[in-house]
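Here is what each chain is made of, one letter per residue.
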Amino acid sequence: MVTTNTTWALALADATARLAAAGLDEPEVDAALLLGHVVSASRTMVRLFADRLLDPAQATALERLVARRLRREPLPYVLGYQEFMGLRFACDQRALVPRWDTEALAERAIAALRAACARRPEEQPCVADIGTGSGILAVTLAHEVPRARVWATDRSAPALALAAENAAALGVAARVIFAEGHLAGPLPRDVAFAGIVANLPYIPSGELSGLQPEVRDWEPTSALDGGADGLDLLRELATAAPAYLSPRGWLLLEHADDQSDAVRDLLAERGYADLEVVRDLAGRDRAVWGVWRP
Ligand SMILES: C[S@@+](CC[C@H](N)C(=O)[O-])C[C@H]1O[C@@H](n2cnc3c(N)ncnc32)[C@H](O)[C@@H]1O
């Protein structure tokens with residue numbers, strides 16, 4: 001129990017011990033981030049100024065946050081934010097916690113959009129993010145490629161509300177259009193999209209019950225469940241996407257690290273060319289890129 005007149009060091013040790021006893025993977029990191037959040041200090045500062053005292057309000061706030069984490073609520077939900085591509089995104093139960101793995105997808109799409117801008121300086125490439133969740137892909141693309149015009153869809157209205165808040169907070173709301181609906185259905189038919197990115201649910205339904213509690217009990221099932229083999233929505237989007245893509249437009253689909261062969265196959269079967277597997281920083285297969293050549 002965190003009490004008043006406790007030093008930061010003692011509060012950190014107490015929170016770490018309780019989080020460790022609850023079986024969390026990185027109790028000390030979590031404890032330092034929670035304490036840092038309460039006292040507005042980085043993890044390093046928390047250790048450097050370990051002899052400072054918590055005031056009563058801080059002690060109460062820390063106790064509440066530790067209690068939430070002890071219930072296995074994901075750390076980013078407890079903190080209320082997650083960093084993605086160097087940007088801070090608000091994060092809560094309305095949408096999936098942003099994963100750093102997805103940065104591989106963002107980087108590939110940014111490179112393609114920047115190349116398109118360099119080839120045609122007069123153009124403003126249009127790009128779509130299907131299943132935008134908290135908006136990390138849509139907002140990052142708009143932020144990193146100022147000439148890009150971005151559409152983002154999701155079937156979850158609460159997720160779209162969070163994504164719109166993130167677009168506003170990061171200064172790109174004027175260049176991102178959010179639309180509620182099924183996959184690419186809400187996209188306009190009179191826009192030729194240079195590319196479509198999607199991090200859709202891809203976990204096989206039968207594997208959901210075996211996920212760690214942070215994911216299984218807290219993140220929206222609608223953001224996780226990809227059907228029998230996990231690829232139902234990826235297949236459907238790959239079939240639908242050519243109706244929205246410009247000639248030589250691209251589709252970039254995130255998947256689990258053991259699904260790259262299956263995703264390559266489903267794109268090849270539908271006529272996509274120049275297939276390329278995109279890997280994350282750990283070298284794991286993370287997404288497949290394909291170009292639509294009518
Ligand atoms: C795995 S989460 C990814 C969210 C975000 N793109 C990210 O990378 O953090 C998948 C998202 O797809 C949305 N989704 C699921 N089925 C959908 C559908 N049929 N049409 C549109 N969006 C859908 C979910 O609501 C969820 O926000």
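My aim in this report is to walk through the structure given alongside it, one point at a time. A quick note: this is a predicted structure, and the numbers were derived from the prediction, not measured.

**Considering the packing of helix 2 (residues 27-39) against helix 4 (residues 56-70)**
Here's step 1: At a closest axis distance of 9 Å, the pairing of helix 2 and helix 4 adopts a crossing angle of 145°. Our pair here, helix 2 against helix 4, has a crossing hand that is right-handed. The residues of helix 4 that touch helix 2, namely those facing Asp30, Leu34, Leu35, His37, Val38 and Val39, are Gln58, Ala61, Leu62, Leu65, Val66 and Arg69.
Here's step 2: Residues of the contact of helix 2 with helix 4, tallied by class, amount to eight nonpolar, two polar and two charged.

**Comments concerning the packing of helix 1 (residues 8-21) against helix 4**
Here's step 1: It is the contact of helix 1 with helix 4, at a shortest axis distance of 10 Å, that shows an interaxial angle of 20°. If you check the angle between helix 1 and helix 4, you find them roughly parallel. Helix-helix and strand crossings are classified by hand; for helix 1 and helix 4 the assignment is right-handed. Across from Ala11, Ala15, Arg18 and Leu19 in helix 1, the residues of helix 4 making contact are Leu62, Glu63, Val66, Arg69 and Leu70.

**Points about the sheet that holds strand 6 (residues 193-198)**
Here's step 1: Ordered by their spatial adjacency, seven strands build an open sheet running 5-4-3-6-7-9-8, and the pairing between neighbours is mixed. Edge positions in the sheet fall to strand 5 (176-180) and strand 8 (272-279), since each of these pairs with one other strand and no more. Within this sheet the neighbouring strands show an average axis-to-axis angle of 15°, counted without direction.
Here's step 2: Taken together, the five bridges between strand 6 and strand 7 (residues 245-254) define a ladder with parallel strand orientation. Paired with Val197 across the two strands is Leu252, which belongs to strand 7.
Here's step 3: Here helix 10 (residues 232-240) sits on the sheet and contacts strand 3 (126-130), strand 6, strand 7 and strand 8; the angle it forms with strand 7, its principal contact strand, is near 175°.

Quick notes on the rules
- Residues numbered from 1 in each chain as written.
- Predicted model: local features only at pLDDT ≥ 70, side-chain atom pairs only at ≥ 80, totals over all residues.
- Heavy atoms only, no water.
- Axes fitted to C-alpha atoms, helices over the stretch in contact; angles between N-to-C directions.
- Helix = DSSP H or I, 4+ residues; strand = E, 2+ residues; numbered from the N terminus.
- Left-handed = near helix turned anticlockwise from the far one by under 90°.
- Contact = heavy atoms within 4.5 Å.
- Nonpolar A, V, L, I, M, F, W, Y, C, P; charged D, E, K, R; others polar.
- Parallel < 35°, antiparallel > 145°, perpendicular 65-115°, else oblique.
- Pairing = 2+ DSSP bridges.

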